[in-house]
Each structure stands twice: as structure tokens, then as C-alpha cells.
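The chain contents come next:
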Amino acid sequence: MEAFCREQEWTCANLNSPGQIVISGESEKIEKAIPLAKERGFKMAVPLKVAGAYHSRLMAGASAAYAMC
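All figures in this text were calculated on a predicted structure; none of them were measured in a lab.

**As for the packing of aromatic side chains**
Next up, step 1: Across all of its chains, the model carries two aromatic pairs by this definition.
Next up, step 2: With a centroid separation of 5.0 Å and an interplanar angle of 85°, the aromatic rings of Phe4 and Trp10 are classed as edge-to-face.
Next up, step 3: By relative accessible area, which is 6% here, Trp10 ends up buried.
Next up, step 4: Both rings, one in Phe4 and one in Phe42, keep their centres 5.8 Å apart while their planes meet at 15°; by these two values the pair is stacked. Residue Phe4 is located in helix α1 (residues 2-8), and its partner Phe42 is located in the loop between α3 (33-39) and α4 (60-67); the two are separated by 38 residues in the primary sequence.
Next up, step 5: By the ring-pair criterion, three or more aromatic residues cluster together here, those being Phe4, Trp10 and Phe42.

Here it is in C-alpha cells:
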């Protein structure tokens, strides 16, 4: 799964269990995750309604800014 995430430029945000993985990233790329996951044989892929990609590399800039406080 981690290699699949890297090749699609997603972040593995949370490993809930061996069969349940949460990915995070840019919304356009995440939208592509559902059909790609089904092609790869995943049982289910659903988008989660969240306010932002807080558990991804997209927050690195904000993290650095808070580190300076």
C-alpha cells in the first residue's frame, strides 16, 4: 500500500488496521484514488468529508510556521 501511495503522490495518513488505511493528499489526486483502488482489488474506497489534508505532507509549511512560535 505504501508503494501505491507513493506512486500516486498520496500520504498514508493512518493505518487503522491491516485492512483499513486512510490516505491524504490533494483533493484531485484523492478523487482518483477510488477507481484506482477498485482496479487494484481493494474491497472498498470511500472519500471522507474532512476540512483539510491535516495528516499529509501538504501541512509541512504550517508545521514549520508553528515550530517557530
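**Observations regarding the state of the cysteines**
Next up, step 1: Per the counting criterion, the structure on display carries zero disulfides.
Next up, step 2: Take Cys5: it sits in no disulfide, and the sulfur closest to it among the cysteines is that of Cys12, at 3.2 Å.
Next up, step 3: A residue is classified by how much of its surface remains accessible, and Cys12, at 28% relative accessible area, is partly exposed.

**Considering the layout of surface pockets**
If a probe the size of a water molecule is rolled over the atoms, the empty space left behind becomes visible.
Next up, step 1: In this model, the largest pocket occupies a volume close to 1,000 Å³.
Next up, step 2: Along the walls of the largest pocket sit 34 residues, with Ile21, Val22, Ile23, Val46 and Leu48 positioned nearest its centre.
Next up, step 3: Those elements that place two or more of their residues in the lining of the largest pocket are β1 (11-17), β2 (20-24), α2 (27-31) and α3.

**So, the pairing of β1**
Next up, step 1: Strand direction decides the pairing type here: β1 and β2, joined by five bridges, are antiparallel. What sits directly across from Thr11, in β2, is Ser24.
Next up, step 2: Between β1 and β2, which pair antiparallel and follow one another directly, the connecting turn spans two residues.

**Re the pattern of salt bridges**
Next up, step 1: Tallying each qualifying case throughout the model produces three salt bridges.
Next up, step 2: Between Glu9 and Lys29 there is a salt bridge, with the nearest N and O atoms lying 2.3 Å from each other. Here Lys29 lies in helix α2 and Glu9 lies in the loop between α1 and β1, a separation of 20 residues in the sequence.
Next up, step 3: Classification of Lys29 as partly exposed rests on a relative accessible area of 22%.
Next up, step 4: Overlapping salt bridges, with partners in common, bring together Glu9, Glu26 and Lys29 in one network.

The rules we used
- Residues numbered from 1 in each chain as written.
- Predicted model: local features only at pLDDT ≥ 70, side-chain atom pairs only at ≥ 80, totals over all residues.
- Heavy atoms only, no water.
- Phe/Tyr/Trp six-rings, centres within 6.5 Å; stacked < 30°, edge-to-face > 60°.
- Buried < 20%, exposed > 50% of the residue type's maximum accessible area, 1.4 Å probe, protein only.
- Helix = DSSP H or I, 4+ residues; strand = E, 2+ residues; numbered from the N terminus.
- Disulfide = S-S within 2.5 Å.
- 1 Å grid on protein atoms, 1.4 Å probe; cavity = no way out; pocket = protein on both sides within 12 Å on 5 of 7 lines; lining within 4 Å.
- Points joined across faces, edges and corners; volume = space filled by probe spheres on them.
- Pairing = 2+ DSSP bridges.
- Salt bridge = Lys/Arg side-chain N within 4 Å of Asp/Glu carboxyl O.

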